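Each chain is listed here by its residues.
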Amino acid sequence: VHTKSTMDSFHRPLFGNTISGQPRKDSKVIISPSPPLKPIAQVPKMFSWLGGNSDKKKNKEVLESVSEGLRKIYKTKLYPLEEFYKFHDFHSPALDDPDFDAKPMILLVGQYSTGKTTFIRHLLEQDFPGIRIGPEPTTDRFIAVMHSAEEGVIPGNALVVDGKKQFRALSGFGNAFLNRFQCSTLPNQVLESVTIVDTPGILSGEKQRIDRGYDFTGVLEWFAERVDRIILLFDAHKLDISDEFKRCIEALAGNEDKIRIVLNKSDMVDHQQLMRVYGALMWSLGKVFKTPEVSRVYLGSFWDHPLHYDINRRLFQDEQHDLFADLQGLPRNAALRKLNDLIKRARLAKVHAYIIAELRKQMPSMIGKEKKKKELIQNLDKIFEQLQREHNISPGDFPDVHKMREKLQNYDFNKFQPIKPKLLEVVDAMLASDIARLMAQIPKEEAVAVASEGPKEQSVRGGAFSQAQEIETPFGFGKGEGFDKGANEQEWVVNRERTKADSTFESLGPIDGLLSGSKAKEHMVRSKLPNAVLGKIWKLADVDRDGQLDVDEFALANYLINLKLEGHELPTDLPKHLIPPSKRDASDAQVYPKLDDDE
């Protein structure tokens, strides 16, 4: 729109009368044709240079790693809900970036003199700064044992301000705790994969009445939410569970999947006493753990002292192998554990939001606020039941009602926030889509790691986990036993036990020195082993794959049957030392015959 006037248009309003908004009489309004408008769909292209096409960013959102994805969805989708309903004041502090990148952590808990610190030394096979071992309560502090190029000790107050470590939230427990908290660093191959946390010995008797000066169970609860494995240690001579120990175990509630129980110093009793000690321990644990499942208990003596009673050596070896295999898998499962913990946290945050909003809803606006608050706290269990019905929530997703009552005492319910559906919808969408996408990414990430680093890099190595003693010495797990028996001997081990097998072979009527499959089957099924097992034994024994067994192959089949009947596992491939001498020259290319995939 253009205007022309006899006056200077720069000193007049464009349309004349500024009050009425009408054109002046001495002005002429001329409307010139405008250029054609661009289609709406083309407009964003004009400004694409400012920040790129946002639609493409949404559609091609690629996360660098699972931990990066967890950090992003927590900060953008779950944290706003937690902050809005004061989740951090009631349950757990907010997660920091190091919580998503930290190495797996192992937490050791137990009464004093149960061998917690000795257990760490046994894993590392070396001392760490600040280590103290003795029959009295020696460890009086929480010690995080971490990897570093140099040995050293970082005090608690300095540790919680280090933005690269995952302990910043512990500053909320005050100086009394921080003075009893430290990080011991040392170069150790085990610590390249995991962090180990030693704890003060839990007291019993009169000692447990002494106040520690800080919330001991609260600290344990904080660690339990963030660690990958919790090891409860018991002494074979001290099975009593003190009141403080019971409170500590109750503080671990909700993390039962992380708990492993170790009956340490088991070599100090003979096999009959050990059976009774094990039964007494299971009875005691049944009174503390309110679950129908039986806890897995590992028996052993985790130190380098001679065994007092050697009769259980094989049992201790098997138990240690199982426990170490569980610990070695922690780095591989770290991403899945963090994902699982975030899901549990999101479910609890949703329930907390419903609780807070319901308390706010039932509060009066003017009169009787304090009375109503006491009534709501008293009837909190009924409110939980009401929310279960209204929102179809599982009872297991609700927090402990007694702890919730205690914490609600100090809050003004009128300052609580009402329900905000948008925040809950975002979290629901996160659980439905983002979590599923990250779960699908975990196997891909593991495959890339294995391809680049190898499967061994994905497990704990070094120290007591060293593979050198397993492979290079005769003291490795299973060495000289089962199908490994006779591995380093010149004589074919099957020859020692083949006398009866040879006579049986002749009685079955071989033709030209070969026994058909049907006749061999008549003999093999007498072992009462399942057909699937006998099929594997046949494939291992039929070295030349001609569908028949000669006298050596028949002796080998009987040897493998006896191994299985004695409780040993069958090899996946036939070891070289078990190949009959008559077949070795002709089967150099088939030293380890492969089993079919369906077997």
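Residues numbered from 1 in each chain as written. Predicted model: local features only at pLDDT ≥ 70, side-chain atom pairs only at ≥ 80, totals over all residues. Heavy atoms only, no water.

(A) Up close: the pattern of salt bridges. The final tally for this structure, using the stated rule, is 33 salt bridges. Salt-bridge contacts for Glu319 lead to Arg296; the nearest nitrogen and oxygen are separated by 3.4 Å. Within this pair, whereas Glu319 is found in helix 13 (residues 313-328), its partner Arg296 is found in the loop between helix 12 (271-288) and strand 10 (297-299), the two being separated by 23 residues in sequence. Classification of Glu319 by relative accessible area gives buried; the value is 10%. With a shortest N-O distance of 2.6 Å, Asp428 and Lys350 are connected by a salt bridge. You can see Asp428 sitting in helix 18 (residues 421-453) and its partner Lys350 sitting in helix 14 (residues 330-362), a full 78 residues away along the chain. Exposure remark for Lys350: the relative accessible area of 18% places this residue in the buried category. Linked by salt bridges that have partners in common, Asp228, Lys258, Arg337, Asp341 and Lys344 make up one network. (Salt bridge = Lys/Arg side-chain N within 4 Å of Asp/Glu carboxyl O. Helix = DSSP H or I, 4+ residues; strand = E, 2+ residues; numbered from the N terminus. Buried < 20%, exposed > 50% of the residue type's maximum accessible area, 1.4 Å probe, protein only.)

(B) Quick peek at unusual backbone geometry. Located in the positive-phi region is Asp512, a residue other than glycine, with phi close to 55 degrees. Summarising the element assignment, Asp512 is placed in the loop between helix 20 (499-507) and helix 21 (517-524). For Lys528, which is not glycine, the phi dihedral falls at a positive 70 degrees. With respect to the helices and strands, Lys528 occurs in the loop between helix 21 and helix 22 (531-541).

(C) Summary view of the pairing of strand 3 (residues 105-110). Taken across its 6 residues, strand 3 has 6 buried, putting it largely inside the fold. In strand 3, alternate side chains face the same way, and those of Met105, Leu107 and Val109 on one face and Ile106, Leu108 and Gly110 on the other are all buried. Two elements, strand 3 and strand 7 (residues 195-198), share 3 bridges in a ladder whose sense is parallel. In the sheet register, Met105 faces strand 7, and the bridge partner there is Thr195. Judged from the 5 bridges that link them, strand 3 and strand 8 (residues 229-235) form a sheet pairing that is parallel. Its bridge partner being in strand 8, Ile106 is matched across the sheet by Arg229. (Pairing = 2+ DSSP bridges.)

(D) Structural context of the sheet that holds strand 10. The sheet built from 8 strands is open, its strands ordered 5-6-4-7-3-8-9-10 with mixed pairing. A single partner strand is all that each edge strand has here, and the edge strands are strand 5 (152-155) and strand 10. Taken over all neighbouring pairs, the strand axes of this sheet differ in orientation by 25 degrees on average, direction set aside. The strands that helix 10 (residues 216-226) touches are strand 3, strand 4 (142-147), strand 6 (181-186), strand 7 and strand 8; relative to strand 3, the one it contacts most, it runs at about 145 degrees. (Axes fitted to C-alpha atoms, helices over the stretch in contact; angles between N-to-C directions. Contact = heavy atoms within 4.5 Å.)

(E) Spatial organisation of the pairing of strand 6. Along strand 6, 6 of the 6 residues are buried, which leaves the element largely enclosed by surrounding structure. What you see with strand 6 is no split at all: Phe181, Cys183 and Thr185 on one side and Gln182, Ser184 and Leu186 on the other are buried throughout. Two strands pair when backbone bridges link them, and strand 4 and strand 6 are joined in this way by 6 bridges, in the parallel orientation. By the bridge assignment for strand 6, Val145 is matched with Ser184.

(F) Quick look at helix 21. By the burial criterion, the buried members of helix 21 are Ala520, His523 and Met524. Taken around the axis of helix 21, the buried residues stretch over an arc of 95 degrees, which confines them to a single face. Of the exposed residues in helix 21, the ones pointing more than 90 degrees away from its buried face are Ser518 and Lys521. On its buried side, helix 21 packs onto helix 20, helix 22 and helix 23 (551-565). (Arc of directions from axis to C-beta.)

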